[in-house]
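Structure assessment
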Amino acid sequence: MTTPSYAELVAVRDGPLIVQLLTESSKALDTSGANVRRAEAHALYAEGLTMEQIAERFGVTRQRVSILLKARE
């Protein structure tokens, strides 16, 4: 009995390939992460932190924080 090739296994399998599932999950995680970063930036800014202070906590530039704050307006 011969072991089928990967190409044969993929052709027979029902549903999306694992790489497709990983790509979709990664995109969803990126989107969710961006939403959390925006919400955190807004919450910190509303509490009186400066964009510079938020940038330092996030490990990004002040300009990036400005973009995060504008993204939800």
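What you see is a predicted model, and the numbers here were worked out from it, not measured in a lab.

The number of helices and strands found in the protein is four helices and zero strands. Ordered by position in the sequence, the α and β elements of the protein form the string α-α-α-α. If you line up the protein on its principal axes, its C-alpha atoms span 70 × 20 × 15 Å. Sorting the 73 residues of the protein into buried and exposed places 14% on the buried side. The long-range share in the protein, meaning contacts at least 24 apart out of those at least 6 apart in sequence, stands at 33%. Charged side chains in the protein number 9 positive and 9 negative. The centres of these two groups are separated by 7 Å.

A surface patch of nonpolar side chains, amounting to about 520 Å² of accessible area, comprises Tyr6, Ile18, Val19, Leu21 and Leu22. Tallying contributions element by element places helix H2 (residues 18-46) first for the nonpolar patch, with four residues. Along the chain, valine 19 falls in helix H2.

Let us look at the nonpolar core. Grouped together as the largest cluster of nonpolar side chains are eight residues: Ala41, Leu44, Leu49, Ile54, Ala55, Val65, Leu68 and Leu69. When residues of this core are assigned to their parent elements, the largest contribution, three residues, is made by helix H4 (residues 62-71). Discounting chain neighbours no more than four positions away, the residues touching leucine 49 are Leu44, Ile54 and Arg57.

Calculation criteria
Residues numbered from 1 in each chain as written. Predicted model: local features only at pLDDT ≥ 70, side-chain atom pairs only at ≥ 80, totals over all residues. Heavy atoms only, no water. Helix = DSSP H or I, 4+ residues; strand = E, 2+ residues; numbered from the N terminus. Buried < 20%, exposed > 50% of the residue type's maximum accessible area, 1.4 Å probe, protein only. Contact = heavy atoms within 4.5 Å. Lys, Arg positive; Asp, Glu negative; His and termini not counted. Charge placed at Lys NZ, Arg CZ, Asp CG, Glu CD. Patch = residues over 30% accessible without salt bridge, like charges linked within 9 Å, V, L, I, M, F, W, Y side chains within 5 Å. Areas by Shrake-Rupley, 256 points an atom, 1.4 Å probe, with all protein chains shown as cover. Salt bridge = Lys/Arg side-chain N within 4 Å of Asp/Glu carboxyl O. Core = buried A, V, L, I, M, F, W, Y, C linked by side-chain atoms within 4.5 Å.

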